[in-house]
Amino acid sequence: MKLGNLVQDQWVDGDGDGTLLTSAVSGKPLASITSSGLDFAAMLDHARRVGGSNLRRYTFHERGEMLKALAKFLMEHKAEFYQLSSETGATRNDSWIDIDGGISTLFVFSSKGRREMPNDRVYLDGQPESLSKNGTFVGQHIFTPKLGAAIHINAFNFPCWGMLEKLAPTLLAGVPAIVKPASSTAYLTELMVRRILDSGLLPEGALQLICGSVGDLFDHLDCQDTIAFTGSKATAEFLQQHPRVVGESVAFTAETDSLNASILGPDAVPGTPEFDLYVKEVTREMISKAGQKCTAIRRIIAPAATAGDLVEALAAALGKIRIGNPAIKDVDMGALASQGQRDEVRARVKDLAREADIVFGGDREFELVDADVAKGAFFMPTLLHCEKPLSASAVHSVEAFGPVSTVIPYENPEEAIELSRRGEGSLVGSIVTNDDSIARELILGTAAYHGRMLVINRHCASESTGHGSPLPHLVHGGPGRAGGGEEMGGIRGVLHYMQRTAIQGSPQTLSVIGNRWIKGAQQTESDVHPFRKTFEQLALGDTLVTAAREVTLDDIQHFADFTGDNFYAHTDEEAAAKNPFFDGRVAHGYLIVSFAAGLFVDPDFGPVLANYGVDDLRFAKPVNYGDTLGVRLTCKQKTLRAGTGYGEVRWDTEVTNQDDEVVAQYDVLTMVATDEHWASVS
Ligand code: NAP
């Protein structure tokens, strides 16, 4: 069977016989792969013209809903993904990371997109910038989707997660993707893409797939395209230097090799929970995905005094690992992705063994559960011990992309920091210690060399997601050897596929462009109280200017008695006057906010359903008794919660005194009924 290429929404076979792909476990032929003869320029054109235009019609919330529906659909087809996944050498646990982990990335981006992005097609970056004395000229940064295609080039180790972790932020951004999985495990990616297409949930042109070489695709890239690459540093460097990538300044993010380190704290001696946690974590990282994880622990940096005990404990733990056919339930570790990959790991272990002793594994014979060593790509977990790591180089630079790790002793925290930095840039580092001051010292000493770091101790271990798990909420990527790129990290990951533009103009113009009212833009007062308007009836700039109310000394005393907030600035004239900010007793901040609500609220049953909080509350000036307060409430931003019967409305709220000076400023957050909901209840 030839793997299909998804080209302009059609499944297309490449020319010729292609390259044969075999099972990592049994060596049996699975499929052949070729993308020969594809029209790569037409694929790019289709993505830009059809996919991009289709996706950009939707708001972030609608695209978020699309991701959620897709995640649910893929969940229903999990069984067939799992079945095929075992041919890649993956155990059930490994497949869970790849398949469920990948699908959960869709769920997370869906939910973040709907909670943290507007129900709109433009994303505002920060607050408006004041650029003029009279406020008639302001600035606002915005993000809009790039008008090109996102080229995703993925590594072989996570055929599902590798695709989905890139696809989720890309589609949420409103950008179409052309996915090129690594050849050796492309059969699993292809199956998932077939199901994605079957779902009918993505608009035309949103997703295309290349199984095999990318041909002349790079020759047709332009400045609106983005490349997200995962693989080796050598390939990343080669592709980054493509004349078109350089000439068109094509955005390129790379996730590459990494000599990730995990540091055992000096406090974590044998007998402590942290020592045991460390042994467990390192063992798990070595065998999970048979060590074929870009985030796996390659360097085990441990106190010299503890290193001997640690080697013993790790060897004992690794000795219990059952290796073999990953489809068998009791098997802890399956095969590497291909025999070629196994030979590559064997060669890299030889490089490491020039500087370190093999203390477990290596080329020793081992027993396999239900598998034939001659047919599958099996490799024994291998532990090395480097006694002189400061004068070594291979242990800090050679990545054996398999179940291989080296114990590296250190004498003091400064040395641990120095050794960790020798990795010259990593995706992730971890520290296992119950001494928080050591954790701080090690993090401050090494964070600049890492994209992500975690500290494990007895308090968080049971819920920790572990050293090797990138999470959609947190950035994945790292400096230097790790490629210098960044993916995911919540909405940050979406913005990699969008262009940031600084927009300058009048507050009114910028309010319309960004769909968020800006101070200085039009404010419209009407006879109808804004709380009597439905979500649809409200317009940005609708404003209520309230009547005024005096704050008396009795009010302040009453509020203090009633709430129990007897802070001296509100209750003791003499003490208050000694405070550098006040001349005497002043009103409580919360009294000002409460009086403001009393002034702007319309009490009758109406479309405003609830007040769910305030944002950015600041008290700008003290309010003395005898002052008179008034409120200017302006409809600032509307976010429809589709299908719920309401939308969120943010109100710019300014509380002023008798001299029209702002004494308090904040956003009031409310939920307001839609026309339909209001009609059904009123
Ligand atoms: P690789 O050879 O660099 O391949 C990575 C991807 O690049 C594959 O899809 C490969 O396709 C493609 N590729 C290779 N040459 C290309 C070219 N000239 N033009 C376009 N695409 C090209 O890496 P690998 O050896 O398969 O993967 C293992 C490496 O990836 C390890 O070093 C590991 O650390 C790294 N990795 C990093 C991460 C991370 O998130 N940072 C994750 C996993 C793996 P073909 O398969 O068709 O050649």
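Here goes a summary of the coordinates provided. All values reported here derive from a predicted model rather than from experimental measurement.

1. Brief notes about the sheet that holds strand β16 (residues 404-410)
Part 1 of the reasoning: Across the sheet, seven strands lie side by side as β14-β15-β16-β13-β12-β17-β18; this open sheet has mixed pairing. Here the strands that pair on one side only, and so sit at the sheet edges, are β14 (357-360) and β18 (450-456). The mean angle between the axes of side-by-side strands here comes to 25°, regardless of whether they run parallel or antiparallel.
Part 2 of the reasoning: Running over the sheet, helix α13 (residues 413-421) touches β12 (261-264), β13 (299-303), β16 and β18 and is turned about 145° from β16.
Part 3 of the reasoning: Most of the contacts of helix α14 (residues 436-446) go to β18, to which it runs at about 170°, and overall it touches β12, β17 (426-432) and β18.

2. A short note on the sheet that holds strand β5 (residues 123-130)
Part 1 of the reasoning: Spatial ordering of the open sheet is given by β5-β6-β21, a layout of three strands whose pairing is antiparallel. A single partner strand is all that each edge strand has here, and the edge strands are β5 and β21 (498-505). Ignoring strand direction, the axes of neighbouring strands in this sheet form an average angle of 20°.
Part 2 of the reasoning: The pairing of β5 with strand β6 (residues 138-145) spans five bridges and is antiparallel. In the strand pairing of β6, Tyr-123 is matched with Phe-143.
Part 3 of the reasoning: Most of the contacts of helix α16 (residues 507-514) go to β21, to which it runs at about 155°, and overall it touches β5, β6 and β21.

3. Considerations on the environment of Thr-144
Part 1 of the reasoning: Within the secondary structure, Thr-144 sits in strand β6.
Part 2 of the reasoning: Each C-alpha atom, one on Thr-144 and one on Val-122, is 5.5 Å from the other, the two residues being 22 residues apart in sequence.
Part 3 of the reasoning: Once residues lying within four places of it in the same chain are set aside, the contact partners of Thr-144 are Val-122, Met-498 and Gln-499.

4. Thoughts on the layout of surface pockets
Part 1 of the reasoning: Here the largest pocket defines a volume of roughly 1,200 Å³.
Part 2 of the reasoning: If you trace the largest pocket, you find 47 residues lining it, with Asn-93, Trp-96, Ile-97, Arg-284 and Ser-469 closest to the centre.
Part 3 of the reasoning: Of all the secondary-structure elements, those providing two or more residues to the lining of the largest pocket are α3 (78-85), α4 (92-116) and α9 (273-287).
Part 4 of the reasoning: For the lining of the largest pocket, the per-class residue count stands at 19 nonpolar, 18 polar and ten charged.
Part 5 of the reasoning: Each of domain 1 (5-122 + 144-256) and domain 2 (261-468) contributes no fewer than three residues to the lining of the largest pocket.

So, how was this worked out
- Residues numbered from 1 in each chain as written.
- Predicted model: local features only at pLDDT ≥ 70, side-chain atom pairs only at ≥ 80, totals over all residues.
- Heavy atoms only, no water.
- Pairing = 2+ DSSP bridges.
- Helix = DSSP H or I, 4+ residues; strand = E, 2+ residues; numbered from the N terminus.
- Axes fitted to C-alpha atoms, helices over the stretch in contact; angles between N-to-C directions.
- Contact = heavy atoms within 4.5 Å.
- 1 Å grid on protein atoms, 1.4 Å probe; cavity = no way out; pocket = protein on both sides within 12 Å on 5 of 7 lines; lining within 4 Å.
- Points joined across faces, edges and corners; volume = space filled by probe spheres on them.
- Nonpolar A, V, L, I, M, F, W, Y, C, P; charged D, E, K, R; others polar.
- Domains from an automatic or database assignment.

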